[in-house]
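Structure assessment
Given next are the chains, with one letter for each unit.
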Amino acid sequence: MTVTSPQGFRAAGITAGLKASGTPDLALVVNDGPEHTAAAVFTSNRVVGAPVMWSRQAVKDGVARAVVLNSGGANVCTGPGGFQDAHATAEKVADELGIGAIDVLVGSTGLIGVRLAADKLLAGVPVAVGALAADDAGGLAAATAIMTTDTVPKTAVRTVETPSGGTFTVGGMAKGAGMLAPALATMLCVITTDASVAAADADAALRAATRVTFDRVDSDGAMSTSDTVVLMASGASNVTPDLDVLTDAVTAICADLARQLVADAEGASHDIAITVTNATTEDAALAVARAVSRSNLVKAAVFGNDPNWGRILSQVGTVPEEVAPFDPAELDVSVNGVLVCKAGGAYEPPEKVDMAAARDVTFTIDLHAGDAEVTLWTNDLTHDYVHENSAYSS
């Protein structure tokens, strides 16, 4: 049920000793082909890690045969030495697999500004290669090895029947529980498929999928320096799906993983779906949803099970008119299906809203300005989030 579910892939996760906890910290996913198509999207943060620098260049030709990922160190702000570490890691994997280093992508997550224990990392690569397996155990081990503050590994799989009758499978794994804010990607993620896919189609499908999934998870407004989402296609199914079919399948995997990220957000007790309806454009709806999702006052109110629609409306009003036109006197807000604000004023009593009964909370904000709609996921702000991020140096 993970990256090894599609044909043509092996994976492993081992302990290289990068984490003081002694938990698994080195993952490897290998595409055995016969095709080795790849695409990737990365953080838009201007401060990026050496693995992002390396992988951006390596994936430009639309080919990748392996992805090596480590937790226990982000390899960000580590200077030329850090880039040498990323390069050496790709070289080591390539040597062990008998392939070229330019076909090995690298991903890292953990503390920023600290050099990796490169000797341990490189020594772990042959162990990971030896542990490669094409079964679920191999995929789950890889998903476990990329965890940092995650409490559970995150995996997904879909098998799709094409209109012509053939089937292909898409699998995925991701990590992320904090620093979840959009910019094409929001964490480390590897997606695999046994479909036969042209490089241009892989890139188009991945960008379309991340735009409406990972780019609409905004847990804490903190954009990572290491965000990487990789799609690899082996062609082992001998099925070439139409682009729209492939895009739908990749989007389903990304959506599944994105929801798992929100559900495991650091210290969260509520998952919040913010839906903005009847906006002039999709971008306008997204700007409004994002403004609400980044309000600590709104998030704290949800933690306290308080349907404080005034805080929601206040955030809606921070979006400039040129970005999202609307009439404040026409705004409606529903919380968990109860219309607490109508035409910019109080409507149903807030006491009708039960926010304590379930983890999921829904906000629906009707702008009455157009016909575009967007849903963005976030979570509440809790004591546990503050504690975890004051105790975890990052």
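Calculation rules
Residues numbered from 1 in each chain as written. Predicted model: local features only at pLDDT ≥ 70, side-chain atom pairs only at ≥ 80, totals over all residues. Heavy atoms only, no water. UniProt positions renumbered as here; feature names shortened; annotations may be inferred. Helix = DSSP H or I, 4+ residues; strand = E, 2+ residues; numbered from the N terminus. Buried < 20%, exposed > 50% of the residue type's maximum accessible area, 1.4 Å probe, protein only. Polar contact = N/O pair within 3.5 Å; in protein donor to acceptor, adjacent residues only side chain to side chain. Phe/Tyr/Trp six-rings, centres within 6.5 Å; stacked < 30°, edge-to-face > 60°. Lys NZ or Arg CZ within 6 Å of the ring centre and 35° of its normal. Domains from an automatic or database assignment. Pairing = 2+ DSSP bridges. Axes fitted to C-alpha atoms, helices over the stretch in contact; angles between N-to-C directions. Contact = heavy atoms within 4.5 Å. Expected span 1.5 Å × (residues − 1).

The subject of this paragraph is the UniProt feature "binding site: substrate" (unreviewed entry) in the chain. Residues annotated in UniProt with the feature "binding site: substrate" (unreviewed entry) correspond here to Thr148, Lys175, Thr186, Glu266, Asn389 and Ser394. For Lys175, the location among the structural elements is in strand β7 (residues 167–175). Residue classification places Lys175 among the buried positions, given a relative accessible area of 7%. There is a polar contact of 2.9 Å between the side chain of Lys175 and the side chain of Thr148.

Okay, the packing of aromatic side chains next. Taken as a whole and assessed by the stated rule, the structure comprises one aromatic pair. Summarising the aromatic geometry, the rings of Trp54 and Phe83 are spaced 6.3 Å apart at their centres and angled 55 degrees between planes, so their arrangement reads as tilted. In this pair, Trp54 sits in helix α1 (residues 50–58) while Phe83 sits in helix α2 (residues 79–97), placing the two residues 29 residues apart along the sequence. A cation sits over an aromatic face here: Arg259 above Trp377, 3.7 Å from the ring centre.

This paragraph deals with the domain arrangement of the chain. The domain boundaries assigned to the chain delineate domain 1 (9–263) and domain 2 (271–391). The C-alpha-based centres of domain 1 and domain 2 are spaced at 32 Å.

With respect to topology, four strands assemble into an open sheet ordered β1-β2-β4-β5, the strand pairing being mixed. Only two strands of the sheet have a single neighbouring strand rather than two, namely β1 (9–14) and β5 (104–108). Averaged over all pairs of adjacent strands, the angle between their axes in this sheet comes to 10 degrees, without regard to strand direction. Relative to strand β4 (residues 66–70), strand β2 (residues 26–31) runs antiparallel, the two being bridged by five bridges. When the bridges of β4 are listed, Leu26 appears paired with Asn70. Each of β2, β4 and β5 is contacted by α2, which is oriented at about 135 degrees to β5, the strand it contacts most. Across the sheet, helix α4 (residues 136–145) touches β1 and β2, and the angle it forms with β1 is around 45 degrees.

Okay, α2 next. Across its 19 residues, α2 extends 28 Å between first and last C-alpha, which sits within 8% of the 27 Å expected from 1.5 Å per residue. Those residues of α2 that sit buried are Gly81, Gly82, Asp85, Ala86, Thr89, Ala90, Val93 and Ala94. Buried residues along α2 sit against β2, α1, β4, β5 and α3 (118–131).

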